[in-house]
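Chain by chain, the residues:
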Amino acid sequence: MAVDQVSDGFRRPGTASTGRRYGTVTAAVAGLVAVVTGLLLAGLPAGAAPPDGAEYVKYYTVTSSYQGAPETLGGISQRFLGTTDRSVEIFSLNVGRTQLNGDKLSDPKILRPGWQLVLPWDAVGTGVQYGLLPQKNSKPAPSGLAPAPAAPGQSTPTRAPTNTQAPRTGNPAVVPSAAPKPTYKSGQCAAATTSNSPSNWAALRLAPDQAWAHSRGKGQLVAIVDSGADGSLAQLAGRVALGADIVSGSGRGNTDCLGSGTGMAGIIVAKPTQGSSLSGIAPDATVMPVRIVTTKAEARASDQAAGIEVATSAGATVIALGSYVNTSDAAVAKAVATAVSRNIVVVFGAPTTATPAGPDMVAGGGGVLRVGGVGVGGQSAASYRPSMVDVVAPGLNVTTLGVTGTGVLASNGTPYAVAFVAAEVALVRAAYPGLDAAQVTHRVKVTADKMSDAVPDKRYGYGTINPAAAVTRELAEEHHAVAPTARRSVDDGPTSGNRTMALIIVSVVGLVAAGLLAFRVRRLVHPDQDGPADGSAGEAPDRGDAGGGGAPPGGAAPSAGKAAVGAGGRHRPDHAGSTKTSPLPRQSPPAAVRE
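Model, not experiment: these values are computed from the prediction. (Residues numbered from 1 in each chain as written. Predicted model: local features only at pLDDT ≥ 70, side-chain atom pairs only at ≥ 80, totals over all residues. Heavy atoms only, no water.)

**Student:** Describe in detail the confidence of the model for the protein, supporting the description with residues and values.
**Tutor:** Summarising the model, the protein shows a mean pLDDT of 75, and 63% of its residues fall at 70 or more. Highest mean pLDDT in the protein belongs to strand β9 (residues 318–321) (98); lowest belongs to helix α12 (residues 556–566) (43). Predicted confidence is poor over residues 40–54, with pLDDT under 50, and the contacts of this stretch with residues over four places away or in other chains come to 14 contacts. Confidence over residues 533–595 falls short of pLDDT 50; this stretch has 48 contacts with residues more than four positions distant or in other chains. (pLDDT = per-residue confidence, 0-100. Helix = DSSP H or I, 4+ residues; strand = E, 2+ residues; numbered from the N terminus. Contact = heavy atoms within 4.5 Å.)

**Student:** Got a sec to walk through the side chain of Glu89? Specific residues and values, please.
**Tutor:** With respect to the helices, strands and loops of the structure, Glu89 is situated in helix α3 (residues 87–94). There is a polar contact of 2.9 Å between the side chain of Glu89 and the side chain of Arg86. Apart from residues lying up to four places away in sequence, Glu89 is in contact with Pro120, Glu309, Val310 and Ser313. (Polar contact = N/O pair within 3.5 Å; in protein donor to acceptor, adjacent residues only side chain to side chain.)

**Student:** Please provide a residue-by-residue account of the packing of aromatic side chains, values included.
**Tutor:** Inspection of the entire model under this criterion finds one aromatic pair. Sitting over the ring of Trp212, Arg216 keeps its end group 5.3 Å from the ring centre. Over the aromatic face of Tyr432 sits the side chain of Arg443, whose NZ or CZ is 4.1 Å from the ring centroid. (Phe/Tyr/Trp six-rings, centres within 6.5 Å; stacked < 30°, edge-to-face > 60°. Lys NZ or Arg CZ within 6 Å of the ring centre and 35° of its normal.)

**Student:** Run through the pattern of salt bridges, naming residues and quoting values.
**Tutor:** What the rule picks out here adds up to nine salt bridges. In this structure, the salt-bridge partner of Glu89 is Arg86, at a minimum N-O distance of 2.9 Å. Each of the two residues, Glu89 as well as Arg86, counts as buried. Between Arg300 and Asp303 there is a salt bridge, with its nearest N and O atoms 2.7 Å apart. You'll find Arg300 and Asp303 in the same group, each marked buried. One salt-bridge network, held together by shared partners, links Arg216, Arg239 and Asp284. (Salt bridge = Lys/Arg side-chain N within 4 Å of Asp/Glu carboxyl O. Buried < 20%, exposed > 50% of the residue type's maximum accessible area, 1.4 Å probe, protein only.)

**Student:** So, the sheet that holds β9: which residues are in play, and what are the values?
**Tutor:** Pairing is parallel across the open sheet formed by seven strands, whose spatial order is β7-β8-β6-β9-β10-β11-β12. Looking at which strands have only one partner, the edges of the open sheet turn out to be β7 (244–245) and β12 (391–394). In this structure, strand β6 (residues 221–226) lies alongside β9, joined through four bridges in parallel fashion. Among the inter-strand pairings, Val222 is bridged to a residue of β9, identified as Val318. Along the sheet, helix α8 (residues 414–431) contacts β6, β9, β10 (345–349), β11 (368–374) and β12; its crossing angle with β10, the most-contacted strand, is approximately 160°. Where helix α9 (residues 437–446) meets the sheet, its contacts fall on β10, β11 and β12, and the angle it forms with β11 comes to roughly 30°. (Pairing = 2+ DSSP bridges. Axes fitted to C-alpha atoms, helices over the stretch in contact; angles between N-to-C directions.)

**Student:** Help me get a handle on the environment of Gly217, residues and values and all.
**Tutor:** Structurally, Gly217 can be placed in the loop between α4 (201–206) and β6. Counting along the chain gives 207 residues from Gly217 to Glu424, while the straight-line C-alpha distance between them is 8.3 Å. Apart from residues no more than four positions distant in its own chain, Gly217 is found in contact with Ala282, Asp284, Ala285, Ala426, Leu427 and Ala430.

**Student:** Give a description of the nonpolar core that names residues and reports values.
**Tutor:** In a soluble, globular protein the nonpolar side chains are often hidden away together inside. By size, the foremost hydrophobic cluster in this structure holds 53 residues, and its most contacted members are Ile268, Val347 and Phe420. Broken down by element, this core gets its largest block of residues, 13 residues, from α8. Ignoring sequence-local partners within four residues, the contact set of Phe420 consists of Ala202, Leu206, Ile267, Ile281, Ala393, Pro394, Val398 and Ile465. Judged by nonpolar contacts, the second largest core, of 34 residues, contains Ala223, Ala241, Ala306 and Ala314. (Core = buried A, V, L, I, M, F, W, Y, C linked by side-chain atoms within 4.5 Å.)

**Student:** So what's going on with unusual backbone geometry? Which residues, and what values?
**Tutor:** Following Val455, the chain continues into Pro456 via a peptide bond in cis, with omega recorded as 0°. Relative to the helices and strands, Pro456 resides in the loop between α9 and α10 (467–472). Its identity is not glycine, yet Asn343 carries a phi of approximately 70°, on the positive side. Checked against the element boundaries, Asn343 lands in the loop between α7 (330–341) and β10. With a phi angle near 65°, Ser387 is a residue other than glycine that sits in the positive phi range. Within the secondary structure, Ser387 sits in the loop between β11 and β12.

Here's what the structure looks like:
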C-alpha cells in the first residue's frame, strides 16, 4: 500500500489505496444489503389488494370437452381433488352463482363451456387458476334453487328448498363485510325452546376470563355443522363467516331458523353488547356455520357427511357437530376420519343409549372429543352410554343467543356442551400452535377437573373442562412441542414469518457490516497499530508513573517514552496511568531505547 511520509512522523495511507479499500468495503456492504432486500421482498405478498367485496379464489374454466368426453363435476373433482366424492363441494360452491353468460349452475349434470367454477382451496392440477373471478352485473337469483346432489349411491330428494338467500361467491371461511338480512317470514321458523330464566352458572364454573391473558382463540376457524348461525346479531358481528348451506344450495350458512347453531356460535364467540353481557369462551375465534337443516329438524345422511367435508376443505381447525349429525352413520364416520387425518379436532355429543351401537359409530381416540352435557349439580343432560364420554361441559340451563329477535335465553342440550368444548379447543390451538389434533384432545382431557376418583369415569370421563388450565398447565409429555404462544395474530403465516425472518437478517447483517466498516476504516487510518502479523506483540502492562507501579528495573521504559517523543513519535495514552509509543518509520531507534 502506498504510504505518504510527512514531517510530523505520522504514516498516512495514500489516496489511491484508500479509495480502493473503501470502495471494496462499500461494494461488499451494498451487495449484502441488496441480497437481504431481495429476500425481504420475496417474502412479502405481491400485487395490489383486491377491491372491496372481491376475493382471491381457486377456479377452473369449463371447456367443451376433456379427453373427448363432455366435462362433468365428477370428472373435474377427480382431476383436481383426487376423488369424485367431492363433486358435491364444487356444486355447493357454485350453485346459483351467475356466470358471465348470465346462466346459473342448477343441475349438477349440466355444465356449459366457459363457466368458471370456484374450487376448494386444496384443488391442484393443470387448468386450476388463482385470482379474482371476472365479474359481471348479475341478475337476481330465483327464489327456488336446486338442492345439492346426493352422495354416490344416495337418491336426491325432490324437496323444494326454503332459503332464498343470495348466492355466495368466494370462500365460506371469510367473514362478510356486512351482516346478512333475515330471509324468513314471521312464523316460519320454529319457536325457541327455553327452560328457566338465563343463568350465568356456566361462565362462573368455567371462568374463561382466566384463560384470556394467554389465549383468546385468535386465528382459529371453528366450523359448526348444524342449523347455521344468525350473522345479523350484534353479539356475533364480525365473528361469523359466510359459511355454507348444504341443503338449499344457496352457498351461505350465516342465517339460522331453528336456532341451535346460533346458540352454539354465541357460546364460542359472542361479544357483550348493550343489554347482553354474554361473552364467548374464545371471543377472538371465527365461526363458520355449515347448514345441514333449514326449517325442519331433520338432516339427510348425505348432507351430514357433506357438511363435515365442506368444513374440512374450508380450512377449519375445529369442527363442532350439532345434534342433527348421526355419528353412527358410515359416511359421517368416514368424513370425521378424514378431518382428523388433516389435523382437525372434531367435537361431538357422546352417544346416548338411544343411539344404535353399530360398527360404523365414530370411535373415541386422538383428534376427537365425545362430550356429555351436565347441569349445575352434575346431572346429565342425556342418558349417555357408559365409558363413551371423554369430557363434560355445561349443557343444562345454559345462556345462549336466540334467533328472530328472541334475544338471550336459557337452553338445554348436548350441542351446547359441545360448543363449550369446541371453544376450549380453539383456545388451546391458538396458545399451542405446535400441537397436533391428538395432542390437543389429550391436553383438554388431562387438564379437566375430575368429578370422581376414577379417571376416566364411566359417566363423566375425565371431568369438566377447565379453559384456564388447558392453556397454562405444563405437561411433561409435551416437552418436544413448541412453547405456548399467547395472542397469536390472525394473519400469522408463511408471509408473516418470511417478513420477520428477513427483518432479523437485515438487522444482523447491518450490525456486522457496521462493525466491519469501522474495523476497516481504523486499519486505513492507523494501519500500523495492529501489531505484527504473527501476534507476538501484546499489550504492555501498565508502567506509567501514576498508579504506584513504578518503573521497571533500570528505568528503561520512561526513557524510551521520552526518547520516542523526541524522535518524532506520537505519545498516545491508552488509559489512565499508562503510556504507549506509536511505532516509527523504519529507522534506527534512539540509543536510549536500544537494548
